[in-house]
Amino acid sequence: MSKSLTRVILISSALFLTSACSLVYDKHVQWQTVKPETFPVLYATGFAPISLQKSTHETQRMLMAIKASKIAAYAELAEQVYGQQVSGKVIMADLLIEDQQLMASVQGIIRGAKVVKSYPVGDVYTTELLLDFEDVYNIYQANQNRKEITDITHF
């Protein structure tokens, strides 16, 4: 009985020691950052009417139009980067269209855009933006590292 007990202990300890050398736990992964070969550059233009801004002061209407045209340009950039979500709804009764609705929305975060020009054209204020994706890439690299595996060493 002592030989069989010794044999069981030896076999179980050999199994335990070999299972401790698992490849899942004993490896080192080395990463390298991946940089794209080319970067696109996007342009957007926003417009806002000066006279329709809700203020009695001309200077304040101009400042409000400047801000509104900049926001409109950013919305156009977001459409180019993220796309636009379009949803439609048609209600029919007796095979006749009673109501038809179409809605569009855009949502996203734009980082790294630069104002190229901001100027009035008649009663409309215009803002032109530029978004260079190389700048966007550098901003995201500073915040989160995109990596790829360069080497795996198993112990």
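Structure shown above.
Rules and cut-offs
- Residues numbered from 1 in each chain as written.
- Predicted model: local features only at pLDDT ≥ 70, side-chain atom pairs only at ≥ 80, totals over all residues.
- Heavy atoms only, no water.
- Helix = DSSP H or I, 4+ residues; strand = E, 2+ residues; numbered from the N terminus.
- Buried < 20%, exposed > 50% of the residue type's maximum accessible area, 1.4 Å probe, protein only.
- Contact = heavy atoms within 4.5 Å.
- Areas by Shrake-Rupley, 256 points an atom, 1.4 Å probe, with all protein chains shown as cover.
- Pairing = 2+ DSSP bridges.
- Axes fitted to C-alpha atoms, helices over the stretch in contact; angles between N-to-C directions.
- Salt bridge = Lys/Arg side-chain N within 4 Å of Asp/Glu carboxyl O.
- Lys, Arg positive; Asp, Glu negative; His and termini not counted.
- Polar contact = N/O pair within 3.5 Å; in protein donor to acceptor, adjacent residues only side chain to side chain.
- Core = buried A, V, L, I, M, F, W, Y, C linked by side-chain atoms within 4.5 Å.

(A) Just the overall build of the protein chain, in detail. Scanning the protein chain from N- to C-terminus turns up three helices and seven strands. Secondary structure elements of the protein chain, listed N to C terminal, follow the sequence α-β-β-α-β-β-β-β-α-β. Relative to its full complement of 155 residues, the protein chain shows a buried share of 17%. Considering only contacts within the protein chain whose residues lie at least 6 apart along the sequence, 65% involve residues at least 24 apart. For the protein chain, the accessible surface area stands at approximately 12100 Å², while carbon and sulfur atoms represent 58% of it.

(B) Layout of the sheet that holds strand β6 (residues 124-132). Read from one edge to the other, the open sheet built from three strands follows the order β2-β6-β5, with strand pairing classed as antiparallel. The sheet terminates laterally at β2 (41-49) and β5 (114-121), the two strands that pair on one side only. Taken pair by pair, the neighbouring strands of this sheet meet at an average axis angle of 15°, ignoring direction. Pairing of β5 with β6, which is carried by seven bridges, proceeds in the antiparallel orientation. Paired with Val-121 across the two strands is Val-124, which belongs to β6. Across the sheet, helix α2 (residues 58-82) touches β2, β5 and β6, and the angle it forms with β2 is around 145°.

(C) Quick look at the pairing of strand β4 (residues 96-105). In terms of burial, β4 is a largely surface element, zero of the 10 residues being buried. For strand β3 (residues 85-93) and β4, the ladder comprises nine bridges, and the chain directions are antiparallel. Among the inter-strand pairings, Val-90 is bridged to a residue of β4, identified as Gln-100. Joining the antiparallel neighbours β3 and β4 is a turn of two residues, in which Asp-94 adopts a positive phi near 55°.

(D) Up close: the pattern of salt bridges. Using the criterion set out here, one finds two salt bridges in the structure. Across the pair Asp-135 and Lys-114 runs a salt bridge whose closest N-O atoms are separated by 3.0 Å. Here Asp-135 is found in helix α3 (residues 133-143), whereas its partner Lys-114 is found in strand β5, with 21 residues between them in sequence. For Lys-114, a relative accessible area of 45% gives the class partly exposed.

(E) Just the side chain of Glu-128, in detail. Within the secondary structure layout, Glu-128 lies in strand β6. Of the side chains with opposite charge, Lys-117 lies nearest to the buried Glu-128, which makes no salt bridge, at 4.7 Å. Polar side-chain contacts of Glu-128 include one of 2.5 Å to the side chain of Tyr-119. Among residues more than four places away in sequence, those in contact with Glu-128 are Ala-44, Thr-45, Lys-114, Val-115, Val-116, Lys-117 and Tyr-119.

(F) Structural detail: the nonpolar core. In this structure, Leu-42, Ala-44, Ala-73, Leu-77, Ala-78, Ile-110, Ala-113, Leu-129, Leu-131 and Val-136 together form the largest nonpolar core, which totals 10 residues. Those elements that place two or more of their residues in this core are β2, α2 and β6. The dominant element in this core, judged by the number of residues it contributes, is α2, at three residues. Beyond its immediate chain neighbours, meaning those up to four positions away, Val-136 contacts Arg-111 and Leu-131.

(G) Representation of the environment of Lys-54 in the model. Considering the arrangement of structural elements, one finds Lys-54 in the loop between β2 and α2. Judged by relative accessible area, Lys-54 falls into the exposed class, the value being 79%.

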